[in-house]
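# Fold and geometry: a report
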Amino acid sequence: MSLAILKGPNAPLWAWVAAGLLAYLLLPWYALQDANGLLALGRTWGEQATANGLLQAVMFGRPWLLAGLAGLILCAAAALLPPDGRQGQLLLAGGFGGLLALLAAGFAIGARGWNFAALQALFGDLGVQQFGMGWGAAIALLSLLVLGAFGLARRGLFRGDLFVAGAVLACGALLALFIVYPVLKALVGAFVDEDGRAGLAAFAARIASERNWGLQCLGGGVRCGVAWNTLFLGLMTAASTTLLGTLMALMAERGSRRLARPLKVLALLPIITPPFVVGLGLILLFGRAGLVNQWLEAAFGVEPSRWFYGWLGVWIAQTFAFTPIAFMTLRGVVQGVSPSLEEAAQTLRADARQTFRTITLPLLRPGIASAFLVGFIESMADFGNPVVVGGQFSVLSTEIFFAIVGAQYDQGRAAALAWLLTLFALGAFVLQRWAIGRRSYATLAGKGDGGLAMPLPPHVRRLVHGVALPWVAFTLVVYLFAFAGGFVRTWGRDYTLTLAHFRTAFALEWGAFGVVWAGTAWNSFLTTMKLAALSAPLTAALGLLIAWLLARTRFRGQRMFEFSALLAFAIPGTVLGVSYILAFNVPPIELTGTGLIIVLCFVFRNLPVGVQAGTAALHQVDKSLDEASLMLRASTLQTLRHVVLPLLKPALVAALVYSFVRAITTVSAVIFLVTAENELATTYIIGRVGNGDYGVALAYCTVLIAMMSVAIAAIQRLVGERRLGRRSPVAAQAMAGASA
């Protein structure tokens, strides 16, 4: 084989053929139980458990694995041909043929032999079994997939671009495998009864359960089913967060400029705060030993009680936690309202009140609808606050958790509840689209708009200041109490300042062999940081690549591709967590109990943010830049690396920061996936709260917030700022003065 062949147009083919062959020869084919099995080079030619794909097929009775090897050899033969349609046919046959054969065998043969009774009856007992795929199988399958995609490109699809073809099919396969497949499998589980029979009867019985929809009249009121509780709480939270977010956005953009910066800082707090910090702060204020109950007892002799625990506490906690998100959503909408429209109304003799009611508020309708939708979905998916302050008030997210990890272990009920959550979310989305309608709300065009934004009418300004300012002050008090709880001995009894809670969690000692990580939180802290650091760059890279494919290429199935990429945002985190448990608990993809499944959950749960950020940024980058690079004979990969990516630095920072922070603070999606070996910070904090050890929990939250702030600053410093070559305002003024 000459060097010219390796450097010619078929070089990518040879690279992927080599990757597939090396996976067959040097990596364990099946998943290893020990942590050091990624590159077990010394053991792949030894015992059966660690053997490579070739030995598994030839020596250990698994001849079906030779199908993938044959596909790679056929692709190698295709790489010897010139890049034309004939080469494409061989690549299609070798790549997709080997891929489909391996997948069919993987799903047909499991840890107990045949997975289907029909195959058992047809072929009899199988002497060997298959376990979950390892790194050898994963890389071999990926190589075959990419080589098959190259075949499509050689046949004229994707404009003959090998990189685009491989990227589309690889990203599509990942989306199908880690989003569409697990979600569908989880939802299908609701139709299977305890005896394994599928039918609508099992689904209907679980959905119509008395525990979901029942209403009981008790002496102290009415007890509702968990479905009613979830709907009621979601609507209450969505309404309160939307109202407060709208008032805060109006105050920031149309009120005093001095309040804009503090409100911006406040809006960032829930992003870098674990979701139950607000609940803990409220407990310190309104709990049985909180300041309010102590004051009521001292002033009026009212005996402390647990009145705060229940729907009221959860609603207040969720309102605190999600109002800043509504504020961030609505602030941009308020900024986008064109002053010229308001000035036109006033020119027609409309006063400030009429202008605000007929012009400003209608133009805010899309933002209000979006904020309501986000608040509703966030409330339904919230797990931390109902666990911390819910008491006996149950919602669907907590019911799903206890159906999976509780003594009942009812996967069918968990799947049915996941259906309810998904249907509620989709129903809210439909209502949002109906509320917006088909009217146009566009106010920003290519023309300049030099008008001044209309000040708030006096009655609106009084309402905004009378509601939003006390709420902002109350929010700051709650956060201060939440952080202060980690620095006192026992809240409600002993307010002596101490660092004992920090020492309990993060103590360091010097032993005979060096530093000893003596604190009880070190294991979860280091595991969380490691998994978040692994998932964040993967999330950003995959999200920006998908955004580039959606913005710069056209291919069949693009709408389904985009829907799959954004599906994880519409699915509540609890549903995704249940989906991963059900889909990846058995071969051929057996990931439950490993750190890898947590990383994958982080990546695909947070993927829509990277896609949205990248898409928005790419809409500002003219396609002529890409075309100029390609005309200068740069490859698509070179253009993406040297031209597009430097212009996407703001989107890259947003994707990295959001994915890293959410990986640390998320609860609902990973609460089902953690194990004793892979305990996360959020599960550690929930355990401490369950034991009533609020001091250690709050001390841990303080450390996490400080760590995330440092990480955000480091990411921004590492990525840097986008340089557009524009003159600064000072330079522009100097040039204008010189020309004058």
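Residues numbered from 1 in each chain as written. Predicted model: local features only at pLDDT ≥ 70, side-chain atom pairs only at ≥ 80, totals over all residues. Heavy atoms only, no water.

### Details of the overall build of the chain
Applicable threshold: Under the scheme used here, helices are H or I runs from DSSP no shorter than 4 residues and strands are E runs no shorter than 2 residues, and both carry numbers assigned from the N terminus. To sort residues, take the accessible area from a 1.4 Å probe on protein chains only and compare it with the maximum for the residue type: under 20% means buried, over 50% means exposed, and anything in between is partly exposed. Residues count as neighbours in contact if any of their non-hydrogen atoms are within 4.5 Å of one another. Computed by Shrake-Rupley with a 1.4 Å probe, the accessible areas treat only the displayed protein chains as cover when residues are assessed.
Per the secondary structure count, the chain includes 33 helices and eight strands. Per-residue burial over the chain gives 49% buried out of 740 residues. In the chain, the share of contacts with a sequence separation of at least 24, taken over all contacts with a separation of at least 6, comes to 71%. Carbon together with sulfur atoms contributes 65% to the accessible area of the chain, which is approximately 35,800 Å² in total.

### Concerning the pattern of salt bridges
Any two side chains of opposite charge can pair if their charged atoms end up close together. Threshold: The salt bridge criterion pairs a side-chain nitrogen of Lys or Arg with a carboxyl oxygen of Asp or Glu, the two atoms within 4 Å.
Evaluated as defined, the whole model comprises three salt bridges. Between Glu399 and Arg211 there is a salt bridge; the shortest N-O distance is 2.7 Å. Placement of Glu399 in helix H20 (residues 396-405) and of Arg211 in helix H10 (residues 210-213) is noted, with a sequence separation of 188 residues between them. Its salt-bridge partner being Glu399, residue Arg413 comes within 2.9 Å of it at the nearest N-O pair. Here Glu399 lies in helix H20 and Arg413 lies in helix H21 (residues 411-436), a separation of 14 residues in the sequence. Here the two residues Arg413 and Glu399 agree in accessibility, since each one is buried.

### A word on the packing of aromatic side chains
Each pair of aromatic rings is reported with the distance of its centres and the angle of its planes. In plain terms, the rule: Aromatic rings from Phe, Tyr and Trp, with only the six-membered ring used for Trp, were paired whenever their centres fell within 6.5 Å, and each pair was classed as stacked if the ring planes differed by under 30 degrees, edge-to-face if by over 60, and tilted otherwise. Charge-over-ring contacts are defined here by two conditions on Lys NZ or Arg CZ: a distance within 6 Å of the ring centre and an angle within 35 degrees of the ring normal.
A full pass over the atoms with the stated rule returns 37 aromatic pairs. Considering the side-chain rings of Phe191 and Phe203, the 4.4 Å spacing of their centres and the 15 degrees angle between planes classify their relative orientation as stacked. Taken together, the residues Phe191 in the loop between helix H8 (162-188) and helix H9 (200-207) and Phe203 in helix H9 connect sequence positions twelve residues apart. It is Arg306 that lies over the ring of Tyr309; its NZ or CZ is 4.2 Å from the centre.

### Details of the confidence of the model for the chain
For the record, the criterion: Each residue carries a pLDDT score, the predictor's own confidence in it, on a scale running from 0 to 100.
For the chain, the mean per-residue pLDDT works out to 82, and 87% of the residues sit at or above 70. Every residue in residues 724-740 scores below 50 in pLDDT, and together they form three contacts with partners more than four places removed in sequence or on other chains.

### Details of the side chain of Arg154
Test applied: Positive charges come from Lys and Arg alone, negative charges from Asp and Glu alone, with His and the N- and C-terminal ends not counted. Any pair of nitrogen or oxygen atoms within 3.5 Å is treated as a polar contact; in protein, a donor-acceptor pairing is required on top of that, and neighbouring residues in sequence qualify only through side-chain atoms on both sides.
With respect to the helices and strands, Arg154 occurs in helix H7 (residues 135-154). Among buried Asp, Glu, Lys and Arg side chains, Arg154 stands out as unpaired, with Asp84 the closest opposite charge at 7.1 Å. Among the polar contacts listed, one links the side chain of Arg154 to the side chain of Gln87, at a separation of 2.6 Å. Aside from chain neighbours lying at most four places away, what touches Arg154 is Pro9, Asn10, Leu13, Pro83, Asp84, Gly85, Gln87, Gly88, Leu91 and Leu162.

### So, the packing of helix H24 (residues 522-552) against helix H30 (residues 649-665)
Quick note on the threshold: Structural elements are reduced to axes, namely lines fitted to C-alpha atoms, with helices fitted over the stretch in contact, and the angle between N-to-C directions of any two is expressed from 0 to 180 degrees. Should the near helix be turned anticlockwise from the far one by less than a right angle, the crossing is termed left-handed; should it be turned clockwise, right-handed.
Axis separation between H24 and H30 bottoms out at 8 Å; the angle between their running directions is 145 degrees. Judged by the twist between their axes, the crossing of H24 over H30 is right-handed. Two secondary-structure elements touch here, H24 through Thr528, Met529, Ala532, Ala533, Ser535, Ala536, Pro537, Thr539, Ala540 and Leu544 and H30 through Ala651, Leu652, Ala655, Leu656, Ser659, Phe660, Ala663 and Ile664.

### Quick look at the environment of Thr528
Mapping Thr528 onto the fold places it in helix H24. Not counting the four nearest positions on each side in its chain, Thr528 is found in contact with Ile664, Glu679, Leu680 and Ala681. At a separation of 2.8 Å, a polar atom in the side chain of Thr528 contacts the main-chain amide nitrogen of Ala681.

### So, a nonpolar patch on the surface
To keep it simple, the criterion reads: The residues that make up patches have over 30% relative accessible area and no salt bridge, and they are joined within 9 Å when like-charged or within 5 Å when they are Val, Leu, Ile, Met, Phe, Trp or Tyr.
The grouping of Leu508, Trp510, Val515, Trp517 and Leu526 at the surface amounts to a nonpolar patch, some 600 Å² of accessible area in total. Elements that contribute at least two residues to the nonpolar patch include exactly strand S7 (508-511) and strand S8 (514-517). As for its position among the elements, Val515 is in strand S8.

### Things to note about unusual backbone geometry
Across the junction of Pro587 and Pro588, the peptide omega takes the value 10 degrees, indicating a cis bond. Locating Pro588 in the fold gives a position in the loop between helix H26 (573-583) and helix H27 (595-618). For Phe158, which is not glycine, the phi torsion reads 55 degrees and is therefore positive. Residue position: Phe158 is located in the loop between H7 and H8. Phe158 sits in the buried class, given a relative accessible area of 16%. Positive phi values are uncommon outside glycine, yet Arg159 reaches one of about 55 degrees.

### Concerning the nonpolar core
The nonpolar side chains of a soluble globular protein tend to be buried, and buried together. The test is simple: Only buried residues count toward a nonpolar core. Its members are Ala, Val, Leu, Ile, Met, Phe, Trp, Tyr and Cys residues joined through side-chain atoms within 4.5 Å.
With 208 residues, the main nonpolar core has Leu282, Ile546, Tyr580, Phe604, Tyr700 and Leu704 as its most contacted residues. Counting residues per element, this core draws most heavily on H24, which supplies 15 residues. Setting aside residues up to four positions removed in sequence, Tyr700 forms contacts with Phe506, Ala521, Ser524, Phe525, Ala681, Tyr684 and Ile685.

### Points about the pairing of S8
Filter applied, for reference: Any two strands are treated as partners once DSSP identifies two or more bridges connecting them.
The pairing of S7 with S8 spans four bridges and is antiparallel. Bridge assignment links Glu509 to a residue of S8, and that residue is Val516. The hairpin formed by S7 and S8 contains two residues between the paired strands.

### Structural notes on the packing of helix H5 (residues 85-108) against H7
Short version of the rule: Orientation is classified from the angle alone, with under 35 degrees giving roughly parallel, over 145 giving roughly antiparallel, 65 to 115 giving roughly perpendicular, and any other angle giving oblique. As a working rule, the residues Ala, Val, Leu, Ile, Met, Phe, Trp, Tyr, Cys and Pro are called nonpolar, Asp, Glu, Lys and Arg charged, and the rest polar, with Gly in that last group.
Direction vectors running N to C along H5 and H7 enclose 150 degrees, while the axes themselves pass 7 Å from each other. Taken together, H5 and H7 sit at an angle that is classed as roughly antiparallel. The way H5 lies across H7 gives a crossing that is left-handed. Between H5, through Gly85, Gln87, Gly88, Leu91, Leu92, Gly94, Gly95, Phe96, Gly98, Leu99, Leu102 and Leu103, and H7, the contact on the second element is made entirely by Leu141, Leu144, Leu145, Leu147, Gly148, Ala149, Phe150, Gly151, Leu152 and Arg154. Of the residues contributing to the contact of H5 with H7, the split by class is 13 nonpolar, eight polar and one charged.

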